[in-house]
Amino acid sequence: MTDQLVTAPTGAAFTSQLVCTTGDRLIHPADGRNDLARIVVRWARRWVPETWPAREYFDALGVGDPDSPCYDDEAVMGWLLLEPQPNSLAWQVRTGRIDITTALTAEAEAWPV
């Protein structure tokens, strides 16, 4: 067991071992990297659809609440990590501006359990 938290590189498949922060994005592995792809973004401790195809995909599966779409980690296992948007919390972690512990502390303060 390690005493340091680490994040996976862009392109890695999401697993329960991967530490994600707000702003991390995942794409369905069968999709091309375009606006029509199924993409979700990490918000608080859940995933929300970033594109309509992602929303439609989960609606068709009957996963999540249609009025407030958000998904647990299990729904996106195996999806691939995309490069985060500039200046997002995830971007700051992945570019080394802040460490993962600082990012997780900021999330805990913003969204307490």
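Residues numbered from 1 in each chain as written. Predicted model: local features only at pLDDT ≥ 70, side-chain atom pairs only at ≥ 80, totals over all residues. Heavy atoms only, no water.

Another aspect to go through is the sheet that holds strand E4 (residues 80-82). Neighbouring strands of a sheet are bound in pairs by backbone hydrogen bonds; such pairs are parallel or else antiparallel. With antiparallel pairing, the 4 strands of this open sheet are ordered in space as E3-E2-E1-E4. Because the sheet does not close on itself, it has two edges, and the strands there are strand E3 (46-49) and E4. Pairs of neighbouring strands in the sheet enclose a mean axial angle of 40°, with direction left out of account. In this sheet, E3 lies alongside strand E2 (residues 39-43) in antiparallel orientation, the contact comprising 4 bridges. Its bridge partner lying in E3, Trp43 is registered against Arg46. (Pairing = 2+ DSSP bridges. Helix = DSSP H or I, 4+ residues; strand = E, 2+ residues; numbered from the N terminus. Axes fitted to C-alpha atoms, helices over the stretch in contact; angles between N-to-C directions.)

Before going further, it helps to examine helix H3 (residues 100-110). Those residues of H3 not exposed but buried are Ile100, Ala103 and Glu107. What you see down the axis of H3 is that its buried residues fit within an arc of 65°, all on one side. Of the surrounding elements, those touching the buried residues of H3 are helix H2 (89-94). (Buried < 20%, exposed > 50% of the residue type's maximum accessible area, 1.4 Å probe, protein only. Arc of directions from axis to C-beta. Contact = heavy atoms within 4.5 Å.)

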